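Chain residues, written in single-letter form:
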Amino acid sequence: MTSELWIWVGLAVVAVLLAAGLGYAVWRRRGSGLDRLLNEVALRKLQHVLLPDGMGGQIQLEYLLLTAQGLVVIDVKPIEGVVFASDRMTEWTVIGARGRFTFPNPQGTLYDRVAALRLLVRDVPVAGYVLFGNGADFSKGRPRDVILPRELAEWHAKPDRAEIERVLEAYLPHWEQVRAVAQPAA
């Protein structure tokens, strides 16, 4: 090969490495944004765990947070585009930069996860949300228990230090009870 060809091959390799590095940096930034949000509201956090479902099986939770308001189950939908959805629709539709696609209504599964958790911690408030990213547009209406990052941060903001101590005193035994039966999801 000529030296000119080697230069072009070298430049191509450098371009591929730069593109891969940029892609990785974008991927890490997106992930850390979710982690940062969850850490803003959570006093404690479990991720990708299995809990008993109350019927002899197990159910997977994507995120379980201990907040000042109680336990919160979070299902994340990293979807961007206009979302057409309602409580009664079995499939929700997204129209975005990647085209049009549908996905099953996530509310039923969320409610099953919340119910399983309530069986474990009967005396603690339990809430559940389907968390969409900021790129989701619900301009045609938003179903129940679907929230955006800003709302999660507002509704479950960490209280001051004295209040955190009171919350941990009240909720930590229940949290430890959940942790004792939680198993890592494969």
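What you see is a predicted model; the values in this text were computed from it and never measured. (Residues numbered from 1 in each chain as written. Predicted model: local features only at pLDDT ≥ 70, side-chain atom pairs only at ≥ 80, totals over all residues. Heavy atoms only, no water.)

**A short note on the sheet that holds strand β6 (residues 99-104)**
Alright, step 1. Here 4 strands make up an open sheet; going across it, the order is β6-β5-β4-β8 and the pairing mixed. Strands with a single pairing partner mark the edges of an open sheet, and in this sheet they are β6 and β8 (136-137).
Alright, step 2. Alignment of strand β5 (residues 91-96) against β6, held across 6 bridges, turns out to be antiparallel. When the bridges of β6 are listed, V94 appears paired with F101. (Pairing = 2+ DSSP bridges. Helix = DSSP H or I, 4+ residues; strand = E, 2+ residues; numbered from the N terminus.)

**Side note on helix α4 (residues 161-181)**
Alright, step 1. When the terminal C-alpha atoms of α4 are compared, their 29 Å separation across 21 residues agrees well with the 30 Å that a helix rising 1.5 Å per residue should span.
Alright, step 2. Of all the bends in α4, the largest measures some 50 degrees and sits at Y171, one to four residues before the proline P173.
Alright, step 3. Here the buried face of α4 lies against β1 (44-52), β2 (58-67), β3 (70-77) and α2 (107-120). (Expected span 1.5 Å × (residues − 1). Bend = angle between axes of the 7 residues up to and from the residue. Contact = heavy atoms within 4.5 Å.)

**A closer look at the sheet that holds strand β10 (residues 183-184)**
Alright, step 1. Pairing is mixed across the open sheet formed by 6 strands, whose spatial order is β9-β7-β3-β2-β1-β10. Looking at which strands have only one partner, the edges of the open sheet turn out to be β9 (146-147) and β10.
Alright, step 2. Of the strand pairs in this sheet, strand β7 (residues 126-132) and β9 are connected by 2 bridges, and their pairing is parallel. Pairing of V130 across the sheet is with V146, part of β9.
Alright, step 3. Each of β1, β2, β3 and β7 touches α2; the most contacted strand, β7, lies at about 150 degrees to it.
Alright, step 4. Against the sheet, α4 touches β1, β2, β3 and β10, its axis set at about 45 degrees to β1. (Axes fitted to C-alpha atoms, helices over the stretch in contact; angles between N-to-C directions.)

**Some remarks on the confidence of the model for the protein**
Alright, step 1. Averaged over all residues, the pLDDT of the protein is 89; the fraction at 70 or higher stands at 85%.
Alright, step 2. Segment residues 23-30 is flagged for pLDDT under 50; beyond a separation of four residues in sequence, or across chains, it makes 0 contacts in the model. (pLDDT = per-residue confidence, 0-100.)

**Brief notes about the environment of Q183**
Alright, step 1. Relative to the helices and strands, Q183 resides in strand β10.
Alright, step 2. As a C-alpha pair, Q183 and Q58 span 125 residues in sequence and 9.5 Å in three-dimensional space.
Alright, step 3. When near neighbours in sequence (up to four residues on either side) are disregarded, Q183 contacts H48, V49, L50 and Q58.
Alright, step 4. A distance of 2.9 Å separates polar atoms of two side chains, one belonging to Q183 and the other to Q58. (Polar contact = N/O pair within 3.5 Å; in protein donor to acceptor, adjacent residues only side chain to side chain.)

**A look at the pairing of β7**
Alright, step 1. Where burial is concerned, most of β7 is hidden: 6 out of the 7 residues are buried.
Alright, step 2. Note that β3 and β7 share 7 bridges and pair parallel. In the sheet register, V72 faces β7, and the bridge partner there is A127. (Buried < 20%, exposed > 50% of the residue type's maximum accessible area, 1.4 Å probe, protein only.)

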